[in-house]
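# Secondary and tertiary structure notes
So you can see what is in the structure, the chains are spelled out below.
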Amino acid sequence: MTERAGTTGLIMNEPLLWEKSKKGRCGISIPESDVAAAPLDASFAGDGPDFPDLSEVDVVRHFTRLSQWNFGVDTGMYPLGSCTMKYNPKIHEKIAALPGFAGAHPMLPPDLAQGTLRIMYELERFLCEITGMDATTVQPAAGAHGELTAMLLFYAYHKRKGEKRTKILIPDTAHGTNPASASLCGYASIPVASGEDGVLSVEAVEALMDEETAGIMVTNPNTLGLFEENIRKVAEVVHAKGGLVYGDGANMNAVMGVVKMGEIGIDAIHLNLHKTFSTPHGGGGPGAGPVCVRKHLEPFLPVPRVVKNGEIYALQYNRPDSIGKVHAFHGNFGILIRAYSYILSMGRHLKTASQHAVLSANYIKEKLRGVLHLPYDRPCMHECVFTDKNQEDYKITTLDMAKRLMDYGFHPPTIYFPLVVHGAIMIEPTETEPKENLDQFIEAFKAVVQEAAETPELLREAPTIPKVRRLDEATAARKPCLCG
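In short, a report on the structure. As the structure is a computational prediction, the values presented were derived from the model and not from experiment.

## As for unusual backbone geometry
In the segment running from Asn220 into Pro221, the intervening peptide bond is cis, with an omega of 0°. The topology assignment puts Pro221 in the loop between β4 (213–219) and α9 (231–240). With omega at 5°, the peptide bond leading from Phe417 into Pro418 counts as cis. Tracing the backbone through its elements, the reader meets Pro418 in the loop between β11 (414–415) and β12 (425–427). The backbone phi angle of Ser82 is positive, close to 60°, even though this residue is not glycine.

Rendered as structure tokens:
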């Protein structure tokens, strides 16, 4: 059995700052005022705001202790499927913080913002080269925002042709935000069932595609970690009816430098820069979700567009078919710098990163084969999906195993997603984890599975080591605490 991580960590009971407050303590030194004193307005009379009185050591130790209760990608492996929570080089953080970039005001005129415009211009072309597309907008602020932008492009394209289409096909292996993005554009989401092999069949798409359907949203690789091998023929079916093909590129980390999306029938694809291209992912953002398109959708891209006239970069607004702005100013520019830096530093090794990500996922799949139930026994891409079927006799669920992994020092993988797999356990190791880390994770999972058979109560009570113990799931769902 693997030695459990975290048993030597400090788990402390930390009171609220107001509970630590002692009258008269002060952690800051305020310079003497050079402004004459004046009485407060009567409306400000009273005891003042309820701020705790704390010394500097009170404040520093409070937040340091809280940080020791957290788990982050700098702490250990984050095997969340469909999220690509990979470690990102710190040099890109340093570059994004350079004063010329960090201090560039978004309302600078183009002649004073040549550096920022150049980065945007060149990043767009890098992303076109990586995806095999013809034009890119870097305005969208996140993956779902990129999805929405692509749906707006679809709508504008059909409207320009004088067509009103009302439906979008969405496979059951697509990312969960796809239906919402389609609905925000007024489209009805039509589900498409994947085949027994976990990928789309041409026949299933043919049965649903008609002249009222604007197109299809395909996540490729899909949320089962499988490449949609029929995508060319699916695209032909959709195009034959005048529809468009959207590629959800959130899983691009598996196919950078390997697949040219524009050559397999994709008309528009968004990319999660905060998954694939070196940005800290999680905690609510910020992110970036650029959209790459083929030539026939380029006229509809958001304004302004960055253009190059000789050696001068400018912003072009006069694009009558554009869907307009989807984000203020230049998008989340700091994220764009990180992606630009990542692509320049990786170069042709972007392909190597994808190959290593796929190798890592297949390594875990083979090592846990038989230990966990494998619903799709075939080579995977960047993530592999298991289930809790082998643990049903012990009345142990996916949730129990995920909670117990926390006692071994690992962040749990994604659970109960994708929805097409009952009791799903989705593991994405990424390319940044060395083999010894993968082996440690595999051995921990094997130990948890052994405990499920021999001492299942350990799993039902897990986690036991982290500061926050298991919640009452039913009560948390029905009576959530939303007050902070």
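Read on for the rest.
## What about the pattern of salt bridges?
Across all of its chains, the model carries 26 salt bridges by this definition. The partner of Glu14 in a salt bridge is Lys20, and the shortest N-O contact between them spans 3.6 Å. Accessibility classification places Glu14 together with Lys20 in one group, the buried group. Residues Glu124 and Arg125 are paired through a salt bridge, measuring 3.6 Å at the closest nitrogen-oxygen approach. Residue class for Arg125 comes out partly exposed when judged on its relative accessible area of 38%. Each of Lys365, Glu366, Arg369 and Asp377 takes part in one network of salt bridges that share partners.

## Examining the sheet that holds β11
Through backbone hydrogen bonds, the strands of a sheet pair up, either in parallel or in antiparallel fashion. If you walk across this open sheet you meet the 3 strands as β10-β12-β11, and the pairing is antiparallel. Edge positions in the sheet fall to β10 (384–386) and β11, since each has one partner strand and no second. Of the pairings in the sheet, the one linking β10 to β12 comprises 3 bridges and is antiparallel in character. Bridged to Phe386 within β12 is Ile425. Packing against the sheet, helix α12 (residues 349–368) makes contact with β10 and β12, and its axis sits at approximately 25° to β10.

## Description of the packing of helix α5 (residues 114–131) against helix α11 (residues 333–346)
Following both chains from N to C, one finds α5 and α11 inclined at 55°, their axes separated by 10 Å at the closest point. Between α5 and α11, the angle falls in the class oblique. The crossing of α5 and α11 is left-handed. Of the residues in α11, those touching α5 at Thr116, Ile119, Met120, Glu122, Leu123, Phe126, Leu127 and Ile130 are Phe333, Leu336, Ile337, Ala339, Tyr340, Ile343 and Leu344.

## What to know about the side chain of His158
One can find His158 in helix α6 (residues 143–160). Beyond its immediate sequence surroundings of up to four residues, His158 is in contact with Glu163, Arg165, Tyr187, Ala214, Gly242, Gly243 and Leu244.

## Concerning the pairing of strand β5 (residues 244–249)
On a regular strand, one side chain projects to one face of the sheet and the next to the other, so that they alternate. In terms of residue burial, β5 counts as a mostly covered element, since 6 of its 6 residues are buried. Direction of pairing for β4 relative to β5: parallel, over a ladder of 5 bridges. Residue pairing for β5: Met217 is matched across the bridge by Tyr246. In the classification by handedness, the crossover that spans β4, the intervening α9 and the parallel β5 is right-handed. Two elements, β5 and strand β6 (residues 268–271), share 4 bridges in a ladder whose sense is parallel. Following the sheet pairing, Gly249 is matched in β6 by Leu271.

Scoring rules and cut-offs
Residues numbered from 1 in each chain as written. Predicted model: local features only at pLDDT ≥ 70, side-chain atom pairs only at ≥ 80, totals over all residues. Heavy atoms only, no water. Helix = DSSP H or I, 4+ residues; strand = E, 2+ residues; numbered from the N terminus. Salt bridge = Lys/Arg side-chain N within 4 Å of Asp/Glu carboxyl O. Buried < 20%, exposed > 50% of the residue type's maximum accessible area, 1.4 Å probe, protein only. Pairing = 2+ DSSP bridges. Contact = heavy atoms within 4.5 Å. Axes fitted to C-alpha atoms, helices over the stretch in contact; angles between N-to-C directions. Parallel < 35°, antiparallel > 145°, perpendicular 65-115°, else oblique. Left-handed = near helix turned anticlockwise from the far one by under 90°. Right-handed = clockwise from strand over helix to strand, strands pointing away.

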